[in-house]
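The lines below spell out each chain.
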Amino acid sequence: MSSARVIDGKAVAAQVRADIAKKVEALKSAHGFTPGLAVVLVGEDPASQVYVRNKGQQTKEVGMNSIEHKLPAETSEADLLALVENLNNDDSINGILVQLPLPKHINSEKVLNTINPDKDVDGFHPTNVGRLWVGEPALAPCTPTGSVILAKSVQENLTGMNAVIIGRSNIVGKPMAALLLRENCTVTVAHSRTKDIASVVKGADLVIAAVGIAEFVKGDWIKPGAIVIDVGINRVEVPGGKAKLKGDVDYAAAAEVAGAITPVPGGVGPMTIACLLKNTLQAAQMQRGLEITA
Ligand code: GUN
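Note that the structure is predicted; figures quoted are calculated from it, not measured.

Participant: Residues and numbers for a nonpolar patch on the surface, please.
Facilitator: Side chains of Val-129, Trp-133 and Leu-181 sit close together on the surface and give an oily, nonpolar patch of about 280 Å² of accessible area. Mapping Leu-181 onto the fold places it in helix H7 (residues 173-182).

Take a look at the structure:
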């Protein structure tokens with residue numbers, strides 16, 4: 001019998017988008033301009049094509065302009081860098097996202113570091129990483145931002161909580177640590193090499209699983225009543241059946257002990273694009289010197 005409250009990421013993401021749509025409308029009527037998000041896709045990776053299509057649709061649904069640049073897989077690094085420079089210099093573009101992964105002949109780091117940090121809605125540019133850690137207004141990565149919103153949908157004030165993040169990636173684990181420190185949590189960053197990880201996680205009031213290994217976090221690692229946010233999306237082959245999506249947490253077992261838990265799919269996943277739109281609105285407001293309401 002599962003006892004945990006199931007955190008509905010789809011519903012929370014829909015609320016975030018509705019809030020953004022209202023603020024975009026307010027921006028249009030007060031200042032007569034519409035934020036624009038440019039998404040650049042190089043090549044034909046099927047998963048990336050789905051993400052880009054969803055981003056485009058949701059961008060338009062909140063009333064912002066969506067500009068898509070779809071380039072062939074053979075595009076040279078120089079041509080991609082030139083496109084990014086053009087977008088940097090285009091005042092109608094407030095946010096730029098270059099979809100990853102890029103083809104192997106292109107240096108992703110070089111491309112991401114060419115994006116104007118003020119338009120870097122992924123929050124991957126070292127300037128934004130620095131701004132986030134020193135507490136300046138920053139564009140923060142979307143997945144950790146969405147995870148914090150989900151945790152706060154259960155408990156508005158996270159102050160004093162013992163938060164254990166499992167995973168130390170630049171995209172999730174590390175920015176998550178900065179965001180949770182900003183929420184006054186006591187933060188531990190554990191990872192695949194952490195000694196006696198079970199007992200580390202056992203001390204957590206808030207568990208963020210972002211290690212990228214299906215069902216790595218076991219049910220008996222969870223402290224009774226803890227909030228569990230599962231960032232993992234792992235495709236697991238089922239013999240003779242369709243592949244299933246599994247999180248980084250053994251959901252059935254963890255749901256028996258946790259106070260609240262995100263499902264996979266339907267938890268953190270839907271929050272990522274919602275937070276991308278939030279970042280685009282924030283970027284537009286910052287570029288125009290307006291109050292940040294995003
Ligand atoms: N590919 C998969 N997720 C992401 C993301 O959040 N940002 C970018 N740029 N590429 C991705």
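Right, picking up where we left off after that structure.
Participant: Give a description of the packing of aromatic side chains that names residues and reports values.
Facilitator: A complete count under the given rule lists one aromatic pair for this structure. For the pair Phe-216 and Trp-221, a centre-to-centre distance of 5.6 Å together with 85° between the ring planes defines the contact as edge-to-face. The same class applies to Phe-216 as to Trp-221, namely buried.

Participant: Tell me about the sheet that holds strand S1 (residues 5-6), and please be specific about residues and values.
Facilitator: Read across the sheet, six strands follow the order S1-S11-S8-S7-S5-S6 without closing on themselves; strand pairing throughout is parallel. Only two strands of the sheet have a single neighbouring strand rather than two, namely S1 and strand S6 (186-190). Two elements, strand S5 (residues 162-166) and S6, share five bridges in a ladder whose sense is parallel. Looking across to S6, one finds that Ile-165 is bridged to Val-189.

Participant: Please set out the sheet that holds strand S3 (residues 65-71) residue by residue, giving values where relevant.
Facilitator: With parallel pairing, three strands are arranged side by side in an open sheet as S3-S2-S4. Edge positions in the open sheet fall to S3 and strand S4 (95-98), since each of these has one partner strand only. Shown here is a sheet whose adjacent strand axes are inclined to one another by a mean of 15°, direction ignored. By the bridge criterion, seven bridges tie strand S2 (residues 36-42) to S3 in an arrangement that is parallel. By the bridge assignment, Leu-41 is partnered in S3 with Lys-70. Of the strands in this sheet, S2, S3 and S4 are in contact with helix H2 (residues 46-61), which crosses S3 at around 160°.

Participant: Outline the layout of surface pockets, supporting the account with residue identities and numerical values.
Facilitator: By volume, the largest pocket is sized at about 1500 Å³. Together, 45 residues line the largest pocket, and Tyr-51, Thr-143, Ile-233, Gly-269 and Thr-272 are the ones closest to its centre. At the level of secondary structure, the elements contributing two or more residues to the lining of the largest pocket comprise H2, S4, helix H6 (142-154), strand S9 (234-236) and helix H10 (269-287). Of the residues assigned to the lining of the largest pocket, the class counts are 25 nonpolar, 13 polar and seven charged. Of the voids in this model, the second largest pocket is the one considered here, and its volume is about 480 Å³. Residue lining of the second largest pocket: 24 residues in total, with Thr-145, Val-148, Ile-149, Lys-152 and Lys-278 positioned closest to the centre. Those elements that place two or more of their residues in the lining of the second largest pocket are helix H1 (9-31), H6, H7 and H10. Sort the elements by how many residues they give to the lining of the second largest pocket and H6 lands first, with five residues. Taken together, the residues of the lining of the second largest pocket break down into eleven nonpolar, five polar and eight charged.

About the criteria used
Residues numbered from 1 in each chain as written. Predicted model: local features only at pLDDT ≥ 70, side-chain atom pairs only at ≥ 80, totals over all residues. Heavy atoms only, no water. Patch = residues over 30% accessible without salt bridge, like charges linked within 9 Å, V, L, I, M, F, W, Y side chains within 5 Å. Areas by Shrake-Rupley, 256 points an atom, 1.4 Å probe, with all protein chains shown as cover. Salt bridge = Lys/Arg side-chain N within 4 Å of Asp/Glu carboxyl O. Helix = DSSP H or I, 4+ residues; strand = E, 2+ residues; numbered from the N terminus. Phe/Tyr/Trp six-rings, centres within 6.5 Å; stacked < 30°, edge-to-face > 60°. Buried < 20%, exposed > 50% of the residue type's maximum accessible area, 1.4 Å probe, protein only. Pairing = 2+ DSSP bridges. Axes fitted to C-alpha atoms, helices over the stretch in contact; angles between N-to-C directions. Contact = heavy atoms within 4.5 Å. 1 Å grid on protein atoms, 1.4 Å probe; cavity = no way out; pocket = protein on both sides within 12 Å on 5 of 7 lines; lining within 4 Å. Points joined across faces, edges and corners; volume = space filled by probe spheres on them. Nonpolar A, V, L, I, M, F, W, Y, C, P; charged D, E, K, R; others polar.

Remember that the coordinates give geometry; whether it matters functionally is a separate question.
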